[in-house]
Amino acid sequence: MTRMKFAFCSFALLVAAGTGANAQSPEFEVATIKPAAPQTGHFPSPASSSGGPGTADPAMFRCTNCTLAFLIETAFGLERYQFPARSALSGTSYEVAARLPAGATVEQFQAMLQNLLKDRFALTSHFEKKPMQGYELVVGKNGPHLTDAQERPAVPVASGGEAHGGGGSGNWHGGGNNSARGLSRPGLMVFGGQAKYRGDHQTMAELAKMIATQLAKPVDDGTSLKGFYDITLNWTDDGSHAASHAAGPAGGFGGGEHGGRGGDQADAASGPTLIGAVQQQLGLRLEPRKATANIFVVDHVGKTPTDN
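Residues numbered from 1 in each chain as written. Predicted model: local features only at pLDDT ≥ 70, side-chain atom pairs only at ≥ 80, totals over all residues. Heavy atoms only, no water.

Draft legend 1. View of the environment of Ala 59. Positionally, Ala 59 belongs in the loop between strand 4 (48-50) and strand 5 (60-66). Sequence-distant contacts of Ala 59, that is, excluding residues within four places in its chain, are made with Ala 98, Arg 99 and Leu 100. (Helix = DSSP H or I, 4+ residues; strand = E, 2+ residues; numbered from the N terminus. Contact = heavy atoms within 4.5 Å.)

So, in structure tokens, the structure goes:
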């Protein structure tokens, strides 16, 4: 188990993170971090983000109800199976606003956010290689059952974050990069043990990424299908998928690798599991394979940001 050491430091409302970006150490022009407002109600608002490269507001990144885990996953581009220690992090949530230099790329933005975490939370980390079971997404023996996507203009909009509903709520998870295509309500909804995913104008690589998130295991696209598809999947969430795990404070997911039976079919009365649904509804198949995952390990992180 990853050992976590927390530093207790005073809080800074304003983080001056430099005056620009350079090739050696990209930094936000300025960034503010403040505590998120206390939430009320049975289902708290989840972490969500908007702006940044590739959106309608490329010069300003905003994150609402952000936990440390959410910020780290965003900064390092982590899949959930790569971050098994996320549940050990503080569930405190923050409001973050950061101004980017003109023309910043996605890679530069991630480097800026990494540097912000290092400067304000004293984050130190490393990656470790770990063997684990994974899957390859391939075409089934009877061919795919996919709906070709209708042509849609790629209209940049503010990027959506991730929403997660615990218990019997009917909330949506973010679904790949659909929001960047100007689509409405794509993503994953879990209600009463039943899950539904909608991915509009999706590639097979995006579908594989969604499945990897839900199974908390690596999934590679081996279909050789290069088109765009409108995908709908319905399955029974049997407890083996990430979607079934209750949300942590302010929308943070419980971490770890999720086990479970992962079989082809759940109870006949309730419908197939995700693996079975992929085969039955899409004509695709998930073939087990051995994989080597790049696991993110936190060596040290402060529980609250340091003063500027």
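Still to come is the rest of the account.
Draft legend 2. Broad picture of the pattern of salt bridges. Going through the model one piece at a time under the given rule, you end up with seven salt bridges. Where Arg 86 meets Glu 73, a salt bridge forms, and the shortest distance between an N and an O atom there is 2.7 Å. A residue pair is termed long-range when its members are at least 10 positions apart, and Arg 86 in the loop between helix 1 (68-76) and strand 6 (94-99) and Glu 73 in helix 1 qualify at 13 residues. One exposure class covers both Arg 86 and Glu 73, and it is buried. Note that Arg 289 is salt-bridged to Asp 220, the shortest N-O span being 2.5 Å. Highlighted residues: Arg 289 in strand 14 (residues 284-302) and Asp 220 in strand 12 (residues 219-221), separated in sequence by 69 residues. Residues joined in a network through salt bridges with shared partners are Glu 73, Arg 80 and Arg 86. (Salt bridge = Lys/Arg side-chain N within 4 Å of Asp/Glu carboxyl O. Buried < 20%, exposed > 50% of the residue type's maximum accessible area, 1.4 Å probe, protein only.)

Draft legend 3. Highlighting the pairing of strand 10 (residues 187-191). Sheet topology note: the strand 10/strand 11 (residues 194-202) ladder contains five bridges and is antiparallel. Bridge pairing in strand 11 links Leu 188 to Tyr 197. Hairpin geometry of strand 10 and strand 11 is characterised by an intervening segment of two residues between the two adjacent antiparallel strands and by a positive phi of about 60° at Gly 192. (Pairing = 2+ DSSP bridges.)

Draft legend 4. Layout of the pairing of strand 7 (residues 124-139). For strand 7 and strand 14, the ladder comprises 16 bridges, and the chain directions are antiparallel. Across the sheet, residue Gly 134 finds its bridge partner in strand 14, namely Arg 289. As judged from the three bridges shared by strand 7 and strand 12, these two strands associate in the parallel manner. Opposite Leu 137, over in strand 12, you have Asp 221 as the bridge partner.

Draft legend 5. Expanded view of unusual backbone geometry. Even without being a glycine, Ala 122 presents a positive backbone phi close to 55°. In this structure, Ala 122 sits in the loop between helix 2 (106-121) and strand 7. In the Ramachandran plot, Ser 224 falls in the positive-phi region, its phi being about 65° despite a non-glycine side chain. Along the chain, Ser 224 falls in the loop between strand 12 and strand 13 (229-236). Judged by relative accessible area, which is 58%, Ser 224 ranks as exposed.

Draft legend 6. The packing of aromatic side chains, seen in detail. Applying the stated criterion to the full structure yields six aromatic pairs. Relative to Phe 296, the ring of Phe 76 lies with its centre 4.7 Å away and its plane at 45°, an arrangement referred to as tilted. Within this pair, whereas Phe 76 is found in helix 1, its partner Phe 296 is found in strand 14, the two being separated by 220 residues in sequence. Take Phe 76 and Phe 296: they sit in the same class, and that class is buried. Arranged with centres 5.3 Å apart and planes meeting at 70°, the rings of Phe 127 and Phe 296 form a pair that is edge-to-face. Of this pair, Phe 127 sits in strand 7 while Phe 296 sits in strand 14, and the two are 169 residues apart along the sequence. Under the relative-accessibility criterion, Phe 127 is labelled partly exposed at 36%. Three or more aromatic residues joined by ring pairs form one cluster here, namely Phe 76, Phe 83, Phe 127 and Phe 296. (Phe/Tyr/Trp six-rings, centres within 6.5 Å; stacked < 30°, edge-to-face > 60°.)

Draft legend 7. Representation of the packing of helix 3 (residues 204-215) against helix 4 (residues 274-282). Here helix 3 crosses helix 4 at 155°, and the two axes come no closer than 11 Å. Classified by the interaxial angle, the pair formed by helix 3 and helix 4 is roughly antiparallel. Within the contact between the two elements, helix 3 uses Leu 207, Ile 211, Gln 214 and Leu 215 and helix 4 uses Leu 274, Ile 275, Val 278 and Leu 282. (Axes fitted to C-alpha atoms, helices over the stretch in contact; angles between N-to-C directions. Parallel < 35°, antiparallel > 145°, perpendicular 65-115°, else oblique.)

Draft legend 8. Layout of the environment of Arg 289. Residue classification places Arg 289 among the partly exposed positions, given a relative accessible area of 24%. Separated by 154 residues in the primary sequence, Arg 289 and Tyr 135 have C-alpha atoms spaced 5.3 Å apart. Only 2.5 Å separates the side chain of Arg 289 from the side chain of Asp 220, close enough to count as a polar contact. (Polar contact = N/O pair within 3.5 Å; in protein donor to acceptor, adjacent residues only side chain to side chain.)

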